[in-house]
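Chain and residue survey
Each chain is listed here by its residues.
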Amino acid sequence: MAVTGKIVIVGAGPAGSIAAALLRKYGHQVTILEKEAFPRFSIGESLLPQCMEFIEQAGMLDAVKQAGFQLKTGAAFLHNGLQSDFCFSDKFSNGFESTFQVQRDRFDALLVNEAAREGVDVRFQHQLKAADFSGEKPVLTVQAKDAEIYNLETDFVLDASGFGRVLPRLLNLEKPSDFPVRRSLFTHCQDNINESTYDRNLIRIIVHPQYKDVWYWLIPFSNGRCSVGIVAEPDMFEQFGDDSSTAFQTLLEQEPDLAGLLKNAVWDTPVNSLQGYSANVTSLYGNGYALLGNAGEFLDPVFSSGVTIAMKSAVLASQVLDKQLQGQEVDWQTDFAEPLQKGVEVFRTFVTAWYEGGLQDVIFFQRQQANIKQMICSILAGYVWDEQNPYVKNADARLKTLVELCRL
C-alpha cells in the first residue's frame, strides 16, 4: 500500500510548482509556502526545449501550450556584423524542437495554478522564518500574511525559493561561487520592432562591439513587448553610480545594431539591477531537506540555463523523495546531487568558455561542421544530461579541442 507523506515546498516558482505537481501525482500531501502575492515579476524569461519534457511530466504541457506565449525555435548570436543562428530543430539530441519565451509573472502563476488544480495547498504571502531539523520531523515556523506566526510539521522540505535562498541562509549553507561577480541591468519595453528580417522566434544574444565579456539579451514576447538586458562586471557600471537608467541607455547605444532595432521602443518600465547572482552551497541536501534550482546554485543567465536546471532538480528530487517516503533506501548524493551536477557542470564549462572568448570563437566560426554544430545546439537547447552527446560526456576536453581548432 502506498504511503502518503507530507511535504512542504518553499517557493512557487517553476521548480516548486513542478515538484509539487509530481509529488501530488505520487499521492503525497503538498503545501507550498510563497512569501509573495502572485502574479509577480521574475527574471529568467527564455525557456529551453529541455524544459518542455519536465513540464510534460508534471502534466502541465497543454496549459503552457495554450497560454499564448511567444514561440522560441532557437538562438541568434551577433557580434560586429556577424550572426550565427542555432535552430533547435537541427540538434543532436532527441527531444522537443521548440519552447517559449515567457513573461514570468504569467508563466509562474500558470504553473502554480496547475499545481493547485492537482490538490496542492498553495499559501501565498506565507513566509518561512525558521526551520528546526533536529527532531524526528522538520518543524517550520511560518509567518502568514496577517502576521500570524504558526508552526508546521512535515516529513520533508524542498527549498525552491530561488534567489531568496531561504534554507541556505537559515542553515548557513551558502558558499561563494567560483564565477566572477557580474551585474545585470534589465527592463521590459514596448519594442515596436518593424525590421522585416527580425525573427521573434529567436532569442538574441549580442556581444558588445569592444568587450567580449559584455553581452546583451533581447527576448521578444508575444504581445509586442520584449525583455532587454545587459551583463558585465561591476566596474563597467561604476561611472554611472546608482543611475541604472543612464547606464542602461548608454551601454545600449554602444551596440548600434541593437540600438537601431529598438529605435522606436517605448521604455515604460524601470530598469532593474541584479549583482552577484552566481551562488553555491556546501550541500544540496541534508536531514529532512533538499535544495532545488537557484536555491542551490545559479551559474549565469547567458544560456538561459536557470529554469532548466531548476526543473531538472525538481524532477530528480521528487522521484527520490517518493521512494524515501515509501520506505525504500535512497542515497541523495548518488540519486539526486550527482546526476543533477553532471548537467550543471556541462553548463558551467560552456559559460566559462563564453566569457573567456573561446566559445564565442566557436559560435562565430565561419566553417562550422554540421554535426558538431548540432551537438553544440543540443547544449544550447538544454540537453546537458544526454551523454550520447560527446560534448556532454566529455565537455571540457572536447570544447577545448574545438576552440583550438577554430583558432588555427
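Procedures and definitions
- Here the residue numbering is sequential within each chain, running from 1 through the sequence in written order.
- Reporting in this predicted model follows two pLDDT cut-offs: at least 70 for local features of residues, and 80 or more for side-chain atom pairs to be given and counted; totals over whole chains, interfaces and linings ignore these cut-offs and use all residues.
- Hydrogens and water are ignored here; the side-chain numbers use all heavy atoms of the structure.
- Every case where a carboxyl oxygen of Asp or Glu lies within 4 Å of a side-chain nitrogen of Lys or Arg is listed as a salt bridge.
- Runs of H or I in DSSP of at least four residues are treated as helices and runs of E of at least two as strands, each being numbered from the N terminus.
- Three labels apply to residues, based on accessible area from a 1.4 Å probe with only protein chains included: buried if under 20% of the type maximum, exposed if over 50%, partly exposed otherwise in between.
- Only strands joined by at least two bridges in the DSSP assignment are considered to pair.
- Convention adopted: a line fitted to C-alpha atoms gives each axis, helices being fitted over their contacting stretch, and angles between N-to-C directions are expressed from 0 to 180 degrees.
- Residue contacts follow a heavy-atom distance rule, with two residues in contact if any of their heavy atoms lie within 4.5 Å.
- What makes a nonpolar core is a set of buried Ala, Val, Leu, Ile, Met, Phe, Trp, Tyr and Cys residues whose side-chain atoms join them at distances within 4.5 Å.

Brief notes about the pattern of salt bridges
- On inspection of all chains with the given rule, the structure shows 16 salt bridges.
- Residue lysine 342 pairs with glutamate 387 through a salt bridge whose shortest N-O separation is 3.8 Å. Of this pair, lysine 342 sits in helix H9 (residues 332-356) while glutamate 387 sits in the loop between helix H11 (370-380) and helix H12 (390-393), and the two are 45 residues apart along the sequence.
- On the basis of relative accessibility, which here comes to 39%, the residue glutamate 387 falls in the partly exposed class.
- For arginine 407, the salt bridge is made with aspartate 361, and the minimal N-O distance between the two is 2.6 Å. Here arginine 407 is found in the segment after helix H13 (395-406), whereas its partner aspartate 361 is found in helix H10 (residues 358-363), with 46 residues between them in sequence.
- Beyond isolated ion pairs, a larger network of salt bridges with shared partners links Asp178, Glu297, Glu345 and Arg348.

A few points about the sheet that holds strand E9 (residues 139-143)
- Pairing is antiparallel in the open sheet, where 3 strands are placed in the order E8-E9-E10. Among the strands making up the open sheet, the edge pair consists of strand E8 (127-132) and strand E10 (149-153). Direction aside, the axes of adjacent strands within the sheet are offset by 25° on average.
- Summarising the sheet, E9 and E10 pair through 5 bridges and their orientation is antiparallel. Along E10, the bridge assignment pairs valine 139 with glutamate 153.

A closer look at the sheet that holds strand E5 (residues 82-87)
- Strand order in the open sheet formed by 7 strands is E5-E4-E14-E15-E16-E13-E17, with mixed pairing between adjacent strands. Each having just a single partner strand, E5 and strand E17 (272-275) make up the two edges of the open sheet. Taking each pair of neighbouring strands and ignoring which way they run, the sheet shows an average axis angle of 20°.
- As paired elements, strand E13 (residues 183-190) and E17 share 4 bridges and run antiparallel to each other. Among the inter-strand pairings, arginine 183 is bridged to a residue of E17, identified as glutamine 275.
- Packed onto the sheet, H11 meets strand E4 (74-79) and E5 and runs at close to 75° relative to E5.

As for unusual backbone geometry
- In this structure, proline 39 follows phenylalanine 38 across a cis peptide bond, with omega equal to 0°.
- Tracing the backbone through its elements, the reader meets proline 39 in the loop between strand E2 (29-34) and helix H2 (49-57).
- In this structure, arginine 165 takes a positive phi of about 45° despite not being glycine.
- Along the chain, arginine 165 turns up in the loop between strand E11 (156-159) and helix H5 (166-170).
- Phi is positive for serine 304, which is not a glycine, with a value near 55°.
- In this fold, serine 304 is placed in the loop between strand E20 (289-291) and helix H8 (306-325).

Quick word on the nonpolar core
- Counting residues in each nonpolar core, the largest one holds 123 residues, and the members touching the most others are Ile9, Phe77, Leu158, Phe336, Phe350 and Trp354.
- At 12 residues, H9 tops the list of elements feeding residues into this core.
- The residues touching phenylalanine 77, leaving out its near neighbours within four places in the chain, are Leu82, Gln83, Ser84, Phe86, Ile205, Phe303, Trp354, Ile363, Phe364 and Leu380.
- If you look at the next biggest cluster of nonpolar residues, it comprises 26 residues, including Val214, Met236, Leu251 and Leu261.

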